[in-house]
Amino acid sequence: MSEIKTPIVYIYNPFKYELVKNSEGLSIGLEVTNFIYKFKEEDGDSCTIIIQTADEKLPDNRYLQDKGILYLKWGYITSSGNEVTKNYRTVVIKDTTTRYRAKGIEFEIEACDL
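Residues numbered from 1 in each chain as written. Predicted model: local features only at pLDDT ≥ 70, side-chain atom pairs only at ≥ 80, totals over all residues. Heavy atoms only, no water.

**Student:** Honestly, the overall build of the protein in this entry has me stumped. Any pointers?
**Tutor:** Within the protein one finds 0 helices and 7 strands. Listed by position from the N terminus, the elements making up the protein come as β-β-β-β-β-β-β. In terms of C-alpha radius of gyration, the protein reaches 14 Å, essentially the compact-globule figure of 13 Å for 114 residues. Counting only C-alpha atoms, the protein reaches 40 × 40 × 25 Å along its principal axes. In the protein, which comprises 114 residues, the share counted as buried stands at 40%. (Helix = DSSP H or I, 4+ residues; strand = E, 2+ residues; numbered from the N terminus. Rg over C-alpha atoms; globule rule 2.2 N^0.38 Å. Buried < 20%, exposed > 50% of the residue type's maximum accessible area, 1.4 Å probe, protein only.)

This is the structure:
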């Protein structure tokens, strides 16, 4: 039987402080519902992050605006609690989209490497 692994995403501001929800102080990474990082040789890497949240202030976070620089780290947590993550990747936000849904706010970030 293979080990169960839980995906994890960390999102940091330009000063490498983890971004947290305003109201609760919890990591924004805990609300990531979709994360795609595409490695590309010629055109540069691209990244899509979708966050599902009840925090109505998230789309106004100063670090999550167009041309904002983020540091990302992702990986997984094993069933034994060990964390396996990649090195930081630096990205710049190209575009954001906010969708208001019945279950809260869906905030999508499109970014590319520097």
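What follows picks up the thread again.
**Student:** Help me understand the nonpolar core in this model?
**Tutor:** Side chains of nonpolar character tend, in soluble globular proteins, to be buried together. By size, the foremost hydrophobic cluster in this structure holds 20 residues, and its most contacted members are Ile-11, Ile-49, Ile-51, Leu-64, Leu-70, Leu-72 and Ile-109. Taken together, the elements giving at least two residues each to this core come down to strand 1 (5–12), strand 2 (32–38), strand 3 (46–53), strand 4 (69–78), strand 6 (89–101) and strand 7 (104–113). Setting aside anything within four residues of it in sequence, one finds Leu-72 in contact with Tyr-10, Ile-11, Phe-35, Cys-47, Ile-49, Asn-87, Tyr-88, Arg-89 and Val-91. (Core = buried A, V, L, I, M, F, W, Y, C linked by side-chain atoms within 4.5 Å. Contact = heavy atoms within 4.5 Å.)

**Student:** What exactly am I supposed to notice about the pairing of strand 7 here?
**Tutor:** The side chains of a regular strand alternate between the sheet's two faces. Strand 7 sits mainly inside the fold: 7 of its 10 residues count as buried. As defined by bridge partners, strand 6 adjoins strand 7 across 10 bridges and the pair is classed as antiparallel. Each bridged residue has a counterpart across the sheet, and for Tyr-100 the counterpart in strand 7 is Ile-105. Between strand 6 and strand 7, which follow one another and run antiparallel, lie 2 residues. (Pairing = 2+ DSSP bridges.)

**Student:** So what exactly am I meant to see when it comes to the pattern of salt bridges here?
**Tutor:** Proximity of charged atoms lets side chains of opposite charge pair with each other. Going through the model one piece at a time under the given rule, you end up with 3 salt bridges. We note a salt bridge from Glu-108 to Arg-99, for which the minimum N-O separation is 2.9 Å. One salt-bridge network, in which partners are shared between bridges, spans Arg-99, Arg-101, Glu-106 and Glu-108. (Salt bridge = Lys/Arg side-chain N within 4 Å of Asp/Glu carboxyl O.)

**Student:** Which parts of the structure should I look at to understand the side chain of Glu-31?
**Tutor:** Structurally, Glu-31 is set in the loop between strand 1 and strand 2. Not counting the four nearest positions on each side in its chain, Glu-31 is found in contact with Lys-21, Ile-50, Ile-51, Gln-52, Thr-53 and Ala-54.

**Student:** What is the right way to read the environment of Lys-103 from this model?
**Tutor:** Structurally, Lys-103 is set in the loop between strand 6 and strand 7. Given the relative accessible area of 78%, Lys-103 is considered exposed. Taking the C-alpha atoms as reference points, Lys-103 and Gln-52, 51 residues apart in sequence, are found 8.3 Å from one another.

**Student:** Whenever I open this one, unusual backbone geometry confuses me. Can you help?
**Tutor:** For residues other than glycine, phi is negative in most cases, and the peptide bonds are mostly trans. Phi angles above zero are rare outside glycine, and Lys-16 is one such case at about 65°. Look at Lys-16 and you get partly exposed, because its relative accessible area is 40%.

**Student:** Please clarify how the environment of Asn-61 should be interpreted in this entry.
**Tutor:** Here Asn-61 is to be found in the loop between strand 3 and strand 4. By relative accessible area, which is 12% here, Asn-61 ends up buried. When the C-alpha positions of Asn-61 and Phe-107 are compared, they lie 11 Å apart, and in sequence the two are 46 residues distant.

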